[in-house]
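Okay, here's what each chain looks like letter by letter:
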Amino acid sequence: MPLTAAQQIRLRDDLRGLIQGDVRCDEVTQQLYATDASILQSRPVCVVCPRNTEDVVAIVKYAAEEGIPIHSRGAGTSLTGESLGEGIVLVFSRHMRRILHVGDDTVTVQPGLLRRRLNGVLGKSKGRLFGPLAGNPSSTSLGSILARNGAGLHYLRYGLPSDHLVSMTIVLANGDLMTLDRNSLPQPPLLEKEGSVILAHEIAFGKEYVYAGKIAHILNNRTSKQLLESANQLPVNRAGYAEHSVLQGERVDLARLFTGSEGTLGLTVAATLQTVSLPQRKSAAAFFFRSISSAIEAVSAILPLRPVLCELIDRRRLNMVRDWDARYRPLIPAEAEAALLVELDSGTFEEPMDDDNCRNHLSHLIDLVQTKKQLCFHALRVNTEDDFQLFDQVIRRSELVLGRMHHSIQPVPLFDDVAVPLDRMNNVISDLLALFHRHKITVSLSGHVGQGHLRIHPLLDFARPDVMSILHPLANEIYSTVLHHGGTISSEWGTGLLKSHFLPQQFPHLTPLFQKIKKTFDPQHILNPDRMIPQKAHWTTHLRHGLEKRGHLPPIPSGTSGSRFTKLQQPVETQPNQVEIQLKWEPAYVFEPAYRCNGCGECLRYDRQSRICPLSRGTVTIEQAPRSKADLLRGILECDIDLETLIGDRGKEIADTCFQCRMCDMECPAQVDVSTLAFRSKAAYVAAHGLPLEDLIMSRIDTILNFLMPASWLFNAAMRNRVMRWFLEKTLRVPQSRAMPALNHLSYLNRIRWSSLRHRLLPEQTDKTRVALFVDTFANYFDPQLAELAVQILEYNGFSVHVPSRQRASGRGSFLVGHVDRAERLARFNTAQMSELIRLGYKIVTIEPYSASCLTKDYRHLFDEKESELTAENVIDFCSFLEHHHQTGKLRQDFQQIPCRVGYHAPCSGLAISASIASDMMPAEKLLRLIPDLDVQRTERGCCGMAGLWGFQQKNYRHSVQIGIPLFRALRRAEIDFGVSDCSACCAQMAHGTKKRVLHPIRLLAVAYGFLPAVALGIQNSPR
Ligand SMILES: Cc1cc2nc3c(=O)[nH]c(=O)nc-3n(C[C@H](O)[C@H](O)[C@H](O)COP(=O)(O)OP(=O)(O)OC[C@H]3O[C@@H](n4cnc5c(N)ncnc54)[C@H](O)[C@@H]3O)c2cc1C
Ligand code: SF4
Ligand code: SF4
């Protein structure tokens, strides 16, 4: 529903006048909320985040008066375009996400609360949880769980979400509020047609009685009854309304009708849910099969043992999970065509099942599948808590893993989520395989097979010219096959904009009934129109712009002047656009990551195991989440929004929500390179506006320090003087409260230049393994001793160490502020020097992991030349280098004991370069554990908040400290003597937040080797 600019302004002003929540109608916001995790796109006219029920009522009344549709939205991760639309998008997850009341076995919540968050609180405070999980575990809101009522992963244990709903408060399409309490279901009066009688009933009994009467009238007539009886009734069917379950004898369960209605009948503003005790988890197993059909056969054998979970994973996903996470390599046999992950009931913490019982039950299961029926060739028992973590993660990863494909063949969430009766599943699978074979398409199959659910993921080749035109015929064929075998086209993900088109195929006779139900509650079609009933527009008209470009990589230009935006869009000769030239706009660099993001919402995650995304942690708003950068740039590439947006305030706001920690590279399932997207967006802004003084300081910090060095005493005194700090904060934006490291009067490079160690500045002819040390800013200007210790340790271990005098700062600060010219100058200089050394046989070792991250990752995105590839392949950080050396058995281990307990923090840049997951043991940690008596405790509490130089800026100071608080708390524990981190910026932040001493591992190694007296670290004061 396109509006004129004047109409939009009126809409915005009207809504702002009516409600307390946020109202945004700008094109960037429209772009961010135009997509979800589906392959669809629909641009809303306005995005509203209500603060309370009154806001929702006011918006709905206004929309009803103006005839504007409303699309309710939680976290926006639907796979069927459920919350997309051209009207007003109503976002519940920003403000309406509170827990209103926690009872003994119930909880009352607002709809925008994430299930993950709720269960975190319930688990801690009550030892309970809300069981059903129909949705993406990372970011599913409770409003949407009820709106979809899907079976989900835990169906066999907990049933449907509606089974746990006690009551709900709904805002109806006319703005009326209605509370539905399932403990007192209305027994409706006979429906009278005259309005006055209905009104009398409403006054006498309440609105729900009137609606109950109307629905009973629709469902109770003979034709409806016949239709309902004849319709297919799979237990996990999520297509259409829940018309079968509404009538409970004489009573009408309206809440059951609202659950699963996908926001088309009313909006949930509060719900009371039943909670259950946390389950005990003792018996689970993984079975590996030589064929999918044996796995499905095994399901029939397993179900009588009443599993609480039964998941199928196919070979393709298994292999990709093994590649993703090395821990699975020894566990998953390479020859497995399929795996079944099965969990049996072990009771709850309140009523646990006897251990022997659990063990016997599991042995019986394994014996049945492996020995008696001989269906699987390998089985693994899941015993310990760690095993269960791996078990859960393999399920999660297998769902996400296809997003990691890095070529034109990409999975498409269009046909996934069907359900079929189990006795027909093997027939369905063989028919589907034949179908895909005919179309020459590879397919991946998985699903919650214990409940008949099947995920069908065709891997479409986007290089095929006909790829977009086969989507609809393919969907038709697949759904026909599923329906032919008595299945449903949706078992949990709902129908949304995507599948509603196919609903009449499944329910040819019930469709008029759905229309009557819709008309009863929403005669004007205000709430999520075009869903659940036949659609006005064909679903393909909503296809995501540029979908066909997924997996298509345009060549990255060499040098800075490369292919242009216009050329990417239409391969015809066009004149470069003035704005592109001015902004140094290089679309080719952002093309791949911008299109790679599939909107999965994994980056909205909020838990300890995840580092994504430190900057937007817990906000649940798309603007701050990593995906906003991809959405914004995709909008620009697709011409949905102007290129000039990048130089506007809103574009800058979005770009500034990334401090380029590179945790996305590691944790985003699709490995979207958000850092590069943010860098390029910032660069465009800088090209148009220049750098503000504080950003200029950050970008040129190495030059400034070099200049200040001779007067280091003055600098250090100024940093200790409160008046000077106040002055510096007001003028240069250096935060007063931030402790600053002391500047050295001589940089490390100058120190060796003018000492007897000057031979290190020249490459050496030697038989020893040759290492060139990349020093970077911190060690060079603030901590030369660290660099010197690094050299000593390397030399002690038999390496010939060269410290190239022709090296400059890595340029982390320039990347951070989008100073592309300087970043490129530094990158070209360093790359030229380092690649020359590499050709001479040197390995480049950096003291800090962030330097390694710059040299190996960021430089590659600046220019695509052989040198940058060569450098990237031969740069390694100090601790990783030494740990590799240890693995070859050559590391000298004549360590002295260090009787201390240290809390180790893994820097984000270290995780990013080692491509580890947050819980993996880091190289520094492994090395430190070799030191006798040193007790190394991992304090995995997420990012420390420093992000290199980001936390040194006044505008970021408070946020930086806030991010670090969980880590500070962990380190402040009395039993921790020191903090340790292999990033000097992290060390500075940890010391600042804890007032404890924090050391670089190089120092501890130096003490252990005896290069540094223990007393220098104050170690003798804390023996154990
Ligand atoms: C990687 C991945 C894996 C997934 N795995 C699963 C899975 O295993 N099982 C599964 O079922 N789904 C799965 N999904 C789909 C998705 O997670 C679910 O659709 C999820 O419930 C969406 O939650 P949301 O908060 O993002 O809802 P949204 O997408 O924002 O909204 C979903 C629906 O709920 C409605 N809604 C939201 N709030 C309200 C409200 N207050 N009142 C009325 N209606 C409302 C919306 O209108 C919309 O129709 C997966 C998605 C991804 C990306
Ligand atoms: S950035 Fe990654 S995690 Fe976030 S929505 Fe996109 S694909 Fe998912
Ligand atoms: S790079 Fe780091 S800060 Fe930027 S979006 Fe990704 S996780 Fe967030």
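These lines cover the structure that appears in this document, whether it is placed above or below. These figures come from a predicted structure and were not determined experimentally.

Lining the immediate surroundings of ligand 3 are Cys 613, Pro 614, Pro 626, Cys 658, Phe 659, Gln 660, Cys 661, Arg 662, Met 663, Cys 664, Val 674 and Ser 675. Of all elements in the fold, only helix H25 (663-667) and helix H26 (674-689) reach the threshold of two or more residues within the shell around ligand 3. Looking at the shell around ligand 3 residue by residue, the classes come out as nine nonpolar, two polar and one charged.

What surrounds ligand 1 is a group of 35 residues, the closest being Ser 72, Gly 74, Thr 77, Ser 141 and Glu 492. Within the backbone of Ser 72, a nitrogen or oxygen atom sits 2.7 Å from an oxygen atom of ligand 1. The backbone of Thr 268 places a nitrogen or oxygen atom 3.0 Å from a nitrogen atom of ligand 1. Notes on ligand 1: free accessible area 980 Å², of which the protein chains cover 97%. Counting residues per element, the ones that place at least two in the shell around ligand 1 are strand S3 (70-73), helix H5 (142-148), strand S12 (266-274) and helix H14 (385-400). With four residues, the top contributor of residues to the shell around ligand 1 is H5. Here the shell around ligand 1 is composed, by residue class, of eleven nonpolar, 18 polar and six charged.

Turning our eyes to something else, we now look at the packing of helix H23 (residues 627-637) against H26. Their axes nearest at 9 Å, the elements H23 and H26 cross at an angle of 55°. In terms of orientation, H23 and H26 fall into the oblique class. In terms of crossing hand, the pair formed by H23 and H26 is left-handed. Seen from H23, the contacting residues are Lys 629, Ala 630 and Leu 633; seen from H26, they are Val 674, Leu 677, Ala 678 and Ser 681. Along the lines of polarity and charge, the residues of the contact of H23 with H26 split into five nonpolar, one polar and one charged.

Our next topic: a nonpolar patch on the surface. Together, Leu 693, Leu 696 and Leu 732 line one region of the surface with nonpolar side chains, adding up to about 220 Å² of accessible area. Within the fold, Leu 696 resides in helix H27 (residues 693-699).

Counted under the stated rule, the structure contains 17 aromatic pairs. Plain terms: the ring middles of Tyr 796 and Tyr 1009 are 5.0 Å apart, the flat faces sit at 70° to each other, and that makes the pair edge-to-face. With a gap of 213 residues between them, Tyr 796 in helix H33 (residues 784-796) and Tyr 1009 in helix H43 (residues 1001-1009) connect regions that are remote in the sequence. When the centroid spacing of 5.3 Å and the interplanar angle of 90° are considered together, the rings of Tyr 796 and Phe 1011 count as edge-to-face. Here the residue Tyr 796 occupies a position in helix H33, and Phe 1011 occupies one in the segment after H43, the gap between them amounting to 215 residues. Aromatic rings pair up to connect Tyr 796, Phe 895, Tyr 1009 and Phe 1011 into one cluster. Between the NZ or CZ atom of Arg 404 and the centre of the ring of Trp 324, over which it lies, the distance is 4.0 Å. The cationic tip of Arg 892 hangs over the ring face of Tyr 796; the distance from NZ or CZ to the ring centre is 3.9 Å.

So, on to the sheet that holds strand S24 (residues 843-846). Pairing is parallel in the open sheet, where four strands are placed in the order S23-S22-S24-S25. Every interior strand has two partners, whereas the edge strands, strand S23 (800-802) and strand S25 (875-877), have only one. Pairwise comparison of adjacent strand axes, ignoring direction, gives a mean angle of 35° for this sheet. Sheet analysis places strand S22 (residues 770-774) next to S23, joined by three bridges and oriented parallel. Following the sheet pairing, Arg 770 is matched in S23 by Ser 800. The sheet strands contacting helix H37 (residues 866-874) are S24 and S25, and the helix crosses S25 at an angle near 35°. Strands in contact with helix H38 (residues 878-887) are S22, S24 and S25; relative to S25, the strand with the most contacts, it is inclined by about 95°.

Quick notes on the rules
- Residues numbered from 1 in each chain as written.
- Chains lettered and ligands numbered in written order.
- Predicted model: local features only at pLDDT ≥ 70, side-chain atom pairs only at ≥ 80, totals over all residues.
- Heavy atoms only, no water.
- Near = heavy atom within 4 Å.
- Helix = DSSP H or I, 4+ residues; strand = E, 2+ residues; numbered from the N terminus.
- Nonpolar A, V, L, I, M, F, W, Y, C, P; charged D, E, K, R; others polar.
- Polar contact = N/O pair within 3.5 Å; in protein donor to acceptor, adjacent residues only side chain to side chain.
- Areas by Shrake-Rupley, 256 points an atom, 1.4 Å probe, with all protein chains shown as cover.
- Axes fitted to C-alpha atoms, helices over the stretch in contact; angles between N-to-C directions.
- Parallel < 35°, antiparallel > 145°, perpendicular 65-115°, else oblique.
- Left-handed = near helix turned anticlockwise from the far one by under 90°.
- Contact = heavy atoms within 4.5 Å.
- Patch = residues over 30% accessible without salt bridge, like charges linked within 9 Å, V, L, I, M, F, W, Y side chains within 5 Å.
- Salt bridge = Lys/Arg side-chain N within 4 Å of Asp/Glu carboxyl O.
- Phe/Tyr/Trp six-rings, centres within 6.5 Å; stacked < 30°, edge-to-face > 60°.
- Lys NZ or Arg CZ within 6 Å of the ring centre and 35° of its normal.
- Pairing = 2+ DSSP bridges.

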